[in-house]
Amino acid sequence: MLDNNQLLRFTTAGSVDDGKSTLIGRLLYDSKSIFEDQLEAIESTSKKKGHEGVDLALFTDGLRDEREQGITIDVAYRYFTTPKRKFIIADTPGHIQYTRNMVTGASTANAAIILVDARHGVIEQTKRHAFIASLLQIPHVIVCINKMDLVDFSEEAYNKVIGQFEEFSSKLLVKDVRFIPISALLGDNVVNRSENMDWYQGAPLLHTLETMHISSDINKVDARFPVQTVLRPQSEEFRDYRGYAGRVASGVLRKGDEVTVMPSGFVSKIKSIDSFSGEVEEAFAPMSVSITLEDDIDISRGDMIVRSNNKPEAQQDIEVMLCWLNNSPAKPRAKYTIKHTSNEQKAMINEVLYKIDINTLNRSTEDTEMSMNDICKVRIRTTKPLMIDPYRENRTTGSIILVDDATNETVAAGMVV
Amino acid sequence: MSKYYLNYLDELESEAIFVLREVWAQFQNPVILFSGGKDSIVVTHLARKAFYPSKIPFALMHVDTGHNFPETIKFRDDLIEELGVRLIVGSVQESIDQGRVAEEKGKNATRNALQITTLLDAIESNKVDCAIGGGRRDEEKARAKERFFSHRDDFGQWDPKNQRPELWNLFNGKHFEGEHFRVFPISNWTEMDVWNYINRENIEIPSLYFAHEREVVWRSNSWIPNSEFLKLDEGEEVVTKKIRFRTLGDITITGGIESDADTVEKIAQEVSAMRQTERGNRSDDKRSETAMEDRKKQGYF
Ligand SMILES: Nc1nc2c(ncn2[C@@H]2O[C@H](COP(=O)(O)OP(=O)(O)O)[C@@H](O)[C@H]2O)c(=O)[nH]1
Ligand SMILES: [Mg+2]
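On a predicted model such as this, the values are computed, not experimentally measured, just so you know.

Residue and element names in this part refer to chain B. Segmentation of chain B into domains returns domain 1 (8-194 + 289-298) and domain 2 (205-283). Between domain 1 and domain 2, the C-alpha centre-to-centre distance is 24 Å. The interface of domain 1 with domain 2 comprises 22 residues on the first partner and 26 residues on the second. When domain 1 packs against domain 2, the two sides together hide about 2000 Å² of surface, and 59% of this comes from carbon and sulfur. Area buried by domain 1 at its contact with domain 2 is led by His67, Phe69 and Glu191, which between them contribute 32% of it. Across the contact surface, domain 1 and domain 2 share two salt bridges.

So, on to the packing of aromatic side chains. All told, the structure shown has 25 aromatic pairs over all chains when counted by the stated rule. Look at Phe238 of chain A and Tyr52 of chain B: their rings are 5.9 Å apart centre to centre, the planes differ by 75°, and that puts the pair in the edge-to-face class. With Phe238 of chain A in the loop between strand E8 (229-231) and strand E9 (243-247) and Tyr52 of chain B in the loop between helix H2 (38-51) and strand E2 (59-64), this pair bridges two chains. Classification of Phe238 of chain A as buried rests on a relative accessible area of 18%. Summarising the aromatic geometry, the rings of Trp189 of chain B and Tyr197 of chain B are spaced 5.0 Å apart at their centres and angled 85° between planes, so their arrangement reads as edge-to-face. As far as the burial class goes, Trp189 of chain B and Tyr197 of chain B line up, both buried.

Moving on, we come to a negative patch on the surface. On the surface, Asp240, Glu294, Asp295 and Asp296 of chain A cluster together into a patch of negative charge. As for its position among the elements, Asp296 of chain A is in the loop between strand E15 (288-293) and strand E16 (304-307).

A few words on the side chain of Gln345 of chain A. Residue and element names in this part refer to chain A. Looking at the secondary structure, you find Gln345 in strand E19 (residues 343-356). Looking at Gln345, the relative accessible area reads 15%, which means it is buried. When neighbours within four sequence positions are excluded, Gln345 is seen to be in contact with Tyr336, Thr337, Ile338, Thr383, Lys384 and Leu386.

Residue and element names in this part refer to chain A. As a matter of local geometry, ligand 1 sits amid 16 residues, with Asp17, Lys20, Ser21, Thr22 and Asp149 nearest to it. Side-chain polar atom of Ser21 to an oxygen atom of ligand 1: 2.9 Å apart, as the coordinates give it. Within the side chain of Asp149, one N or O atom sits 2.8 Å away from a nitrogen atom of ligand 1. In the complex, 78% of the free accessible area of ligand 1, which totals 580 Å², lies under the protein chains. Among the elements that make up the shell around ligand 1, the one with the highest residue count is helix H1 (residues 20-30) (three residues). Residues belonging to the shell around ligand 1 are distributed by class as follows: five nonpolar, six polar and five charged.

Procedures and definitions
- Residues numbered from 1 in each chain as written.
- Chains lettered and ligands numbered in written order.
- Predicted model: local features only at pLDDT ≥ 70, side-chain atom pairs only at ≥ 80, totals over all residues.
- Heavy atoms only, no water.
- Domains from an automatic or database assignment.
- Contact = heavy atoms within 4.5 Å.
- Buried area = accessible area lost by both parts, 1.4 Å probe.
- Salt bridge = Lys/Arg side-chain N within 4 Å of Asp/Glu carboxyl O.
- Phe/Tyr/Trp six-rings, centres within 6.5 Å; stacked < 30°, edge-to-face > 60°.
- Helix = DSSP H or I, 4+ residues; strand = E, 2+ residues; numbered from the N terminus.
- Buried < 20%, exposed > 50% of the residue type's maximum accessible area, 1.4 Å probe, protein only.
- Patch = residues over 30% accessible without salt bridge, like charges linked within 9 Å, V, L, I, M, F, W, Y side chains within 5 Å.
- Areas by Shrake-Rupley, 256 points an atom, 1.4 Å probe, with all protein chains shown as cover.
- Lys, Arg positive; Asp, Glu negative; His and termini not counted.
- Charge placed at Lys NZ, Arg CZ, Asp CG, Glu CD.
- Near = heavy atom within 4 Å.
- Polar contact = N/O pair within 3.5 Å; in protein donor to acceptor, adjacent residues only side chain to side chain.
- Nonpolar A, V, L, I, M, F, W, Y, C, P; charged D, E, K, R; others polar.

Encoded structure:
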């Protein structure tokens, strides 16, 4: 495998039975990423269930309940590698709790594959998925029009779906949308080019995933370094060493850069950027390094080192698009722990500005109760300032989660507006 | 194309280091679960990198079934000395002697399931609030659903249907007294990634992974090593073969494969051409289709 190969993370979305699991099974199977014993195991399960042939969907439907009920209940991760790239798939279920699970899978994805059944065209569920993809700012969206075999591989059916999709997606913020007609069951345009659809000039799905440009998916402009922990070795050799350990969230930091530590505002210069293998001249996202500064300043976990001429905003009143993830609804004016990069504070949801009906994209200012899967714009007040950027500019410094102190559960995910 | 991107191994490494540092920041008393296998060796190597120039700030915990390869124990002790970290051993033999668990009976008896009790006892008595493991999502279908930060209740149990959502890189390790977390820094690595990384980083691994001559018996589709614990069945015969192990577990259940691969590079080549998953040779996973899920719910690694 080439040493400069990149990693691409993608998520799959579609309604129940649109063929998500079959598609992933097909990708793994045709790219020879399935082992014999795995194949044997699903062959025997397929037989037990009375399926003819191998049910490729069984590769991803992992847990006992899922296999028994034939559904996908949670996010499952799959891996495969081609000579061009390594892929991580977040396979998310299409029905119950779809918003919660898709939001989870989408949060780290470079690309989203949205499946549409060619017979049914764009349905409400498709709109929800496209909306979530835009809300989570997934850089690339691939709409796969599946089950083309059931519509005689007709170009007309394909164009109809494109028309329907473009009609409503013009209202959304998706940067890069592509359309591919496929048959997950038969393999057309998944890994291999379809022989049944001469009229389609574009690339098959795998080739699209292998070649799409992802280096610019991370913000390389705004240098942000959230401090995770301070390294203070006890050894003689490194007695005076004080390294700030963390992962570059965005941008590039160089030795000698003038930096500001937030929220304190102290200014210093980067003395060294260290890793186990030695010093490096520069560090960029998403590298994990340890930084030392020229001056002895008091820095701890939760602080952020940034370049002095480009700072995030330190804010205590934050507007976020919040997705509620928990069974119990949000309690009015209740206190939560807010987690933002390595920072953690107490927070209160001060005001629900509106709720989005994700079927119509209409905003409601009347119904402002937040239950599982609801998406609302809210105003949050924190006990101390957070160093934030808008989510659309920075997925790392623009995202937060809320933890309920009574249960310790992660109850909401938010994107800074 | 901008020069500012990482290749996939560097990205996986950076992610794992990030996770290890989160563990250190979020927990009081974390340990690395060290089995002596390649995955926990890689995790330990990553911990070294994550905290350099400090020492690894965690103890290593080994659940000792008493059915070890002697090579594994030697490797473990040498590594502990080199790193200067503390070793905690949970002994399955002691759990048996104390009547906490009963030895399985019959031909296919193993101590595999007994480890759960010993592990949970060791976690409790050492007040461990986070056990870092080398589990990977590509290993097994139940593991494909694991979070990086995986919550365990005060009985040490995993509830796969009620896991905390994990978004971006915001890991929530909050827990109540008596509960703990399992954290898997190399969740996103595949077996191939592990070998490529061992090769690139020149990480030392036990000699058992390299092809060597050994007395073995052909049983459930693999070469089971001869040892003091092995009881021969009728028709079974001890032979000498050149083999190597793809994973390391108890000497009683870990099957070897015939191989000439005697360097990491050759192993990586061999693995990339394999048509069987690594756990395909482990009889503990073959007991039923959901064997791993069932054990994991109870508190298994
Ligand atoms: N004819 C046809 N059937 C398909 C295709 N893709 C999936 N299916 C079938 O549609 C059903 C649902 O597929 P599955 O992958 O489980 O859908 P999921 O719920 O989105 O994961 C199964 O019976 C599949 O065999 C396709 O391209 N053509
Ligand atoms: Mg499915």
